[in-house]
Amino acid sequence: KEYRRQRQMCIRDRITLETFGMGQVKSIWLKRFHRGPMDEVKRATVLKGRGLSDNADQGGQRQVTIISQEEWTETEKALAVGIAPIKRRANLLVSDIELKNTRNRVLRIGDCRLRIRGETRPCKQMDYAVAGLRTALSQDWRGGVYAEALNSGTIAVGDDANWEDVLLDSTNRD
């Protein structure tokens, strides 16, 4: 049964890669402190089981947060306003990668492996940035995903991002 499920995921991954191509990291942001400003960087160090070095949020399941450029564009259209993606307060902006319904999948970015743990639910700070943003991001995983770092390494703007042909269950750490 598990083999069949993983095989179906592999087939779906191939279709996803053919449909969306190879993804890419467009932006990286680090948070100095809880609720603090986000700083754009060109490169970040990933620490296994911790998340991004020099980022306020480390450890736990929500070590790295990721948003999709395509979903962000849809959010801007829904609100009829241009919004800088840094307002989402995520760590990574990726393009050409479908994030919806990807819990327990492994996203490889550069030499790092990130296990998607779930959908990022937008907080009330989104409405402070732009009225209605929280509601707009609450639909269809538009708020992005959160992940845990399965290995240490480096992520840089321009790195390839793609799905591995594995599906981890809730107990598997790597």
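About the criteria used
- Residues numbered from 1 in each chain as written.
- Predicted model: local features only at pLDDT ≥ 70, side-chain atom pairs only at ≥ 80, totals over all residues.
- Heavy atoms only, no water.
- Helix = DSSP H or I, 4+ residues; strand = E, 2+ residues; numbered from the N terminus.
- Buried < 20%, exposed > 50% of the residue type's maximum accessible area, 1.4 Å probe, protein only.
- Contact = heavy atoms within 4.5 Å.
- Areas by Shrake-Rupley, 256 points an atom, 1.4 Å probe, with all protein chains shown as cover.
- Salt bridge = Lys/Arg side-chain N within 4 Å of Asp/Glu carboxyl O.
- Pairing = 2+ DSSP bridges.
- Polar contact = N/O pair within 3.5 Å; in protein donor to acceptor, adjacent residues only side chain to side chain.
- pLDDT = per-residue confidence, 0-100.
- Core = buried A, V, L, I, M, F, W, Y, C linked by side-chain atoms within 4.5 Å.
- Lys, Arg positive; Asp, Glu negative; His and termini not counted.

It is worth spelling out the overall build of the protein chain at this point. Secondary structure summary: the protein chain contains 4 helices and 11 strands in total. Buried positions account for 45% of the 174 residues belonging to the protein chain. Partitioning the intrachain contacts of the protein chain with sequence separation of at least 6 by distance along the chain shows that 75% fall at a separation of at least 24. In the structure as shown, the protein chain presents an accessible area of about 8900 Å², 46% of it carried by carbon and sulfur atoms.

Let us look at the pattern of salt bridges. One pass over the structure, following the stated rule, counts 10 salt bridges. For K31, the salt bridge identified is with D57, shortest N-O distance 2.6 Å. Taken together, the residues K31 in strand 1 (residues 23–31) and D57 in the loop between strand 4 (51–52) and strand 5 (64–68) connect sequence positions 26 residues apart. D57 gets classed as partly exposed once you look at its relative accessible area, which sits at 28%. Residue E164 pairs with R108 through a salt bridge whose shortest N-O separation is 2.7 Å. Of this pair, E164 sits in strand 11 (residues 160–167) while R108 sits in strand 7 (residues 105–109), placing them 56 residues apart in sequence. Sharing partners across several salt bridges, the network here consists of R108, R113 and E164.

Turning next to the sheet that holds strand 10 (residues 153–156). A sheet is described by the order of its strands in space; here 3 strands give the open sequence 4-3-10, paired in antiparallel fashion. Both edges of this open sheet fall to strand 4 and strand 10, since each of them pairs with a single strand only. When strand 3 (residues 43–47) meets strand 4, the two strands line up antiparallel, connected through 2 bridges. Bridge pairing in strand 4 places V46 opposite L52.

Moving on, we get to the environment of R117. Here R117 is to be found in strand 8 (residues 112–119). Overall, R117 belongs to the buried group, its relative accessible area being 11%. On a C-alpha basis, the gap between R117 and A147 in space is 5.1 Å, while along the polypeptide they are 30 residues apart.

To continue, consider the side chain of R115. Along the chain, R115 falls in strand 8. There is a polar contact of 2.7 Å between the side chain of R115 and the side chain of N104.

The predicted model of the protein chain averages 85 in pLDDT, with 84% of residues at 70 or higher. Predicted confidence for residues 15–20 stays below pLDDT 50, and this span has 5 contacts to residues more than four positions away or in other chains.

Next up on the list: the nonpolar core. Nonpolar side chains in soluble globular proteins generally cluster together in the buried interior. Formed by 24 residues in total, the largest nonpolar core has its most connected members in I66, L92, L107, I109, L114 and I155. Setting aside its immediate chain neighbours within four residues, I66 contacts A90, L92, V94, L99, L107, L114, I116, G143, G144, V145 and A147. Counting residues in each nonpolar core, the second largest holds 11 residues, with I83, A90, V130 and L137 among its members.

Structurally, R89 is set in the loop between helix 2 (69–79) and strand 6 (92–95). The buried charged residue R89 lacks any salt bridge partner; its closest oppositely charged side chain belongs to D57, at an N-O distance of 7.0 Å. In this structure R89 touches K31, R35, G36, M38, T65, Q125 and M126, once residues within four positions along its chain are discounted.

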